[in-house]
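Residues per chain are reported as follows:
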Amino acid sequence: MRQSLLTDEQAAFLREEKEALAEIRVALSDIDVPRDGLASLQTSILQLDELFLLVVVGEFNAGKSALVNALLGNQILPEGTTPTTSKVTLVKWGEKVAEQAVDEGFGILTYPLPLLKELNIVDTPGTNAVIRRHERLTDEFVPRSDLVLFVTSADRPMTESERLFLERILAWGKKVVFVLNKADIFEDETSLDEVRDFVLKHATAVLGDPPEFFPVSARMAQRAQNEPDPEQSRLMRASSGLDELERYITTTLDDATRLELKLSNPLGTAENLVAQAQSTVRDESQELHEDIQTTASLESVIDDYANELHSELEPRLASIENILQRFEQRGLDFFDTTLRLTNIASLARGSQIRAKFEKDVLADVPQQIDDQVQRLIDWVIQKDQHQWQQVMAYLQRRQAQYHEHIVGEQGGGASETRRRELIDTVGKTAQAIVESYDRNLEASELAKSVENAVAQTALLEAGAVGLGALVTIAVVSATVDVTGLLAAGSMAILGFLVIPYKRKQAKERFKEKMITLRTRLVGAMSSQFRGESEIAIARLKDGVAPYTRFIKAERQRLEEAALLLSRQEQRISGLKARSQAVAKSGTKS
Ligand SMILES: Nc1nc2c(ncn2[C@@H]2O[C@H](COP(=O)(O)OP(=O)(O)OP(=O)(O)O)[C@@H](O)[C@H]2O)c(=O)[nH]1
Ligand SMILES: [Mg+2]
């Protein structure tokens, strides 16, 4: 037989299809598709390696193996007068000649013949042996064969076991072709006609319709092959009858519809698998939708929190600055009115001045500052607690949805289980934080850290109690110092020179102190509160991160899978359309 049953175009398409399907399979195995689906895709891809299957049956010694050798033009199978072939033997393409005994009734023989890439042939033991055992033949190979060559021998046509076997394979509705081998033994046409009539009569009795009938001589065909004289070889070949049989086999196998079916079958399997995977991805995406919304809500809770903290901190710090500004103004007024010659009596007693300063100017500034800082702290703490409550609420809502879902339908994939677990653990973390939230503790810790930060600016001595007190005492002691004033001498000097000078000096020092105080205090508080709120935001983010990160990854995974699947879908449908055209593109014979 010729080297290929396919046209060059068909053979090229077959190669391309095999490659494409292998790639599609690899692509699909990267995403979450059912294992058995992949396995059946693999099986159908392998079927492309054995595009056509020919099964040769008949009584022992009928010349089945000889016929296969003649068809393949090579001495591949052993022949012999005694029962020779003891196993059902699949002859297929392989780089090397090799025989593999699969079990005692079945073997695989590989041979590097190009034709075998498209056509696999099953050689069998005699029907007498086959009927008794070799179920593999009738259950596996006959059902998926394209053609059954029924070989009967001219010297023993249509044995009883051949007839029985024919009845047996009838159920499969396979195309059976009758080959009368050893036609070389006939002396004349009449004896051939007699045998032909005999075989066809019996075959028709079983099959209903008379089958195709080819008298051949496998021996003659083999001899023709080895004959060095070309003319002699041509004559022998012509009389072997093998050309007619081959032509019939070729046209039957090469039939456009059959070829199209063969080519499109694995594409259909792949298409199915892709469709299945697509629907899984769609379901999963749907399921993920709620989680995407939940994570979006969680993220906006955190973003809003961050924005609020930042936007509200400034005005709250400004109110502390206001207190200090009013304090400063009062201080300056105080120096103007107190450091005067008319007030010389009080000035003489420095402690009186100081007491008056504390009463009129300082007044409740320490308390005001403390209150304001406390309010700021409370606000931050309350905000934090509130955010955690919101986070917990969102997670609990999602949990509840899952719960409803579980009541409705059972199960869910690995990713769903993981999601549920994450919602659970993250939800528990949030809940634990909300439940154990001790506002007083948090507030006093925050207050302490703010106080420390302010103390660290070296503005104040550590150890004093209360932030407001710390702040003001430093200013007061540094500025309201009038001792030694009276030592300056005469009233005139005091009135005209010393007192105004002292007043000016006191005011300047006070102002200076106040500027330092304001900038350092507010600066320290601002950076401290910012730092604290960043920690709080980070804590929230970290708390929900395992869940949000997973959902993001899931979303990406599903989007990528959907993209990959739609690409494969397009590729497959392109191949399918071409497989039809290619199959119809004409036979080679
Ligand atoms: N005269 C003649 N003898 C043939 C022809 N073909 C095969 N033989 C001989 O018939 C005998 C059996 O051939 P095989 O090919 O082994 O027959 P088989 O059907 O495979 O037999 P089993 O494997 O035993 O079932 C061998 O001796 C072959 O040489 C033929 O066309 N003409
Ligand atoms: Mg044999």
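Residues numbered from 1 in each chain as written. Chains lettered and ligands numbered in written order. Predicted model: local features only at pLDDT ≥ 70, side-chain atom pairs only at ≥ 80, totals over all residues. Heavy atoms only, no water.

## A closer look at the pattern of salt bridges
Logical step 1: Scanning the model with the defined rule gives 30 salt bridges in all.
Logical step 2: Between Arg571 and Glu23 there is a salt bridge, with the nearest N and O atoms lying 2.7 Å from each other. Taken together, the positions of Arg571 in helix H18 (residues 491-584) and Glu23 in helix H1 (residues 8-30) put the pair 548 residues apart, joining distant regions of the chain.
Logical step 3: Note that Glu284 is salt-bridged to Arg557, the shortest N-O span being 2.7 Å. (Salt bridge = Lys/Arg side-chain N within 4 Å of Asp/Glu carboxyl O. Helix = DSSP H or I, 4+ residues; strand = E, 2+ residues; numbered from the N terminus.)

## Concerning helix H7 (residues 189-207)
Logical step 1: Helix length check: H7 (19 residues) gives 26 Å between terminal C-alpha atoms against 27 Å at 1.5 Å per residue, within 8%.
Logical step 2: Looking at the packing, one finds that the buried side of H7 touches strand E6 (147-153), helix H6 (160-170), strand E7 (176-181) and strand E8 (212-215). (Expected span 1.5 Å × (residues − 1). Contact = heavy atoms within 4.5 Å.)

## Quick notes on the packing of H1 against helix H11 (residues 256-338)
Logical step 1: Contact geometry for H1 and H11: axes closest at 11 Å, N-to-C directions at 15 degrees. Put simply, H1 runs roughly parallel to H11. Where H1 crosses over H11, the handedness of that crossing is left-handed. For the pair H1 and H11, the contacting residues are Gln10, Phe13, Leu14, Glu17, Leu21 and Leu28 in the first and Leu259, Leu263, Pro266, Leu267, Ala270, Leu273 and Val274 in the second.
Logical step 2: Here the residues of the contact of H1 with H11 sort into 11 nonpolar, one polar and one charged. (Axes fitted to C-alpha atoms, helices over the stretch in contact; angles between N-to-C directions. Parallel < 35°, antiparallel > 145°, perpendicular 65-115°, else oblique. Left-handed = near helix turned anticlockwise from the far one by under 90°. Nonpolar A, V, L, I, M, F, W, Y, C, P; charged D, E, K, R; others polar.)

## Notes on the pairing of strand E1 (residues 52-57)
Logical step 1: Among the six residues in E1, six count as buried, and that is most of the element.
Logical step 2: Residue alternation in E1 divides its side chains into two sets, Phe52, Leu54 and Val56 and Leu53, Val55 and Val57, and both sets are buried.
Logical step 3: Pairing analysis gives five bridges linking E1 to strand E5 (residues 119-123), with the strands arranged parallel. Paired with Val56 across the strands is Asp123, a residue of E5.
Logical step 4: Relative to E6, E1 is paired through four bridges, and the arrangement is parallel. Among the inter-strand pairings, Val55 is bridged to a residue of E6, identified as Val148. (Buried < 20%, exposed > 50% of the residue type's maximum accessible area, 1.4 Å probe, protein only. Pairing = 2+ DSSP bridges.)

## Focus on the site of ligand 1
Logical step 1: Near ligand 1 you find 22 residues, and of these Lys64, Ala66, Thr84, Thr85 and Asp184 are the closest.
Logical step 2: Within the backbone of Thr84, a nitrogen or oxygen atom sits 2.6 Å from an oxygen atom of ligand 1.
Logical step 3: At 3.0 Å, a backbone N or O of Ala218 approaches an oxygen atom of ligand 1.
Logical step 4: If ligand 1 stood free it would expose 640 Å²; the protein chains cover 92% of that surface. (Near = heavy atom within 4 Å. Polar contact = N/O pair within 3.5 Å; in protein donor to acceptor, adjacent residues only side chain to side chain. Areas by Shrake-Rupley, 256 points an atom, 1.4 Å probe, with all protein chains shown as cover.)

## So, the coordination of the magnesium ion (ligand 2)
Logical step 1: Taken together, Ser65 (OG) and Thr85 (OG1) make up the protein donors of the magnesium ion (ligand 2), found 2.0 to 2.1 Å from the metal. Here Ser65, found in helix H3 (residues 64-72), pairs with Thr85, found in the loop between H3 and strand E2 (88-93); they are 20 residues apart in sequence, far enough to count as distant. (Donors = N, O, S within 2.8 Å, 3.2 Å for Na, K, Ca; no water.)

## Some thoughts on the environment of Ala296
Logical step 1: Looking at the secondary structure, you find Ala296 in helix H11.
Logical step 2: Overall, the relative accessible area of 42% leaves Ala296 in the partly exposed class.
Logical step 3: The spatial distance from the C-alpha of Ala296 to the C-alpha of Ser4 is 61 Å, given a sequence separation of 292 residues.

## A word on the pairing of strand E4 (residues 106-111)
Logical step 1: Burial runs high along E4: six of the six residues are buried.
Logical step 2: What you see with E4 is no split at all: Phe106, Ile108 and Thr110 on one side and Gly107, Leu109 and Tyr111 on the other are buried throughout.
Logical step 3: Relative to E4, E2 runs parallel, the two sharing six bridges. Each bridged residue has a counterpart across the sheet, and for Lys92 the counterpart in E4 is Thr110.
Logical step 4: As paired strands, strand E3 (residues 98-103) and E4 are joined by five bridges and run antiparallel to one another. Paired with Asp103 across the strands is Phe106, a residue of E4.
Logical step 5: Linking two consecutive strands that pair antiparallel, namely E3 and E4, is a turn of two residues.

## Overview of the sheet that holds E1
Logical step 1: Pairing is mixed across the open sheet formed by eight strands, whose spatial order is E3-E4-E2-E5-E1-E6-E7-E8. Every other strand in the sheet has two partners, leaving E3 and E8 as the edge strands with one partner each. Averaged over all pairs of adjacent strands, the angle between strand axes in this sheet comes to 20 degrees, irrespective of strand direction.
Logical step 2: Sitting on the sheet, H6 is in contact with E1, E6 and E7, with an inclination near 170 degrees to E6.
Logical step 3: Together, E6, E7 and E8 form the strand contacts of H7, whose direction differs from that of E7 by roughly 155 degrees.

## Describing the packing of helix H8 (residues 218-226) against helix H9 (residues 230-240)
A pair of packed helices is characterised by two quantities: the angle between their axes and the separation of those axes.
Logical step 1: Where H8 meets H9, the closest approach of the two axes is 8 Å, and the angle between their N-to-C directions is 160 degrees. As the angle between them shows, H8 and H9 are arranged roughly antiparallel. Viewed along their axes, H8 and H9 form a crossing whose handedness is left-handed. Of the residues in H9, those touching H8 at Met220, Ala221, Arg223 and Ala224 are Ser233, Met236, Arg237, Ser239 and Ser240.

## A few points about the packing of aromatic side chains
Logical step 1: All told, the structure shown has 10 aromatic pairs when counted by the stated rule.
Logical step 2: With a centroid separation of 5.1 Å and 80 degrees between ring planes, the pair formed by Phe334 and Phe357 is classed as edge-to-face. With a gap of 23 residues between them, Phe334 in helix H11 and Phe357 in helix H13 (residues 350-362) connect regions that are remote in the sequence. Across the pair, Phe357 and Phe334 agree in class, each one buried.
Logical step 3: Taken together, a centroid distance of 6.1 Å and an interplanar angle of 85 degrees make the contact between Phe357 and Phe510 edge-to-face. (Phe/Tyr/Trp six-rings, centres within 6.5 Å; stacked < 30°, edge-to-face > 60°.)

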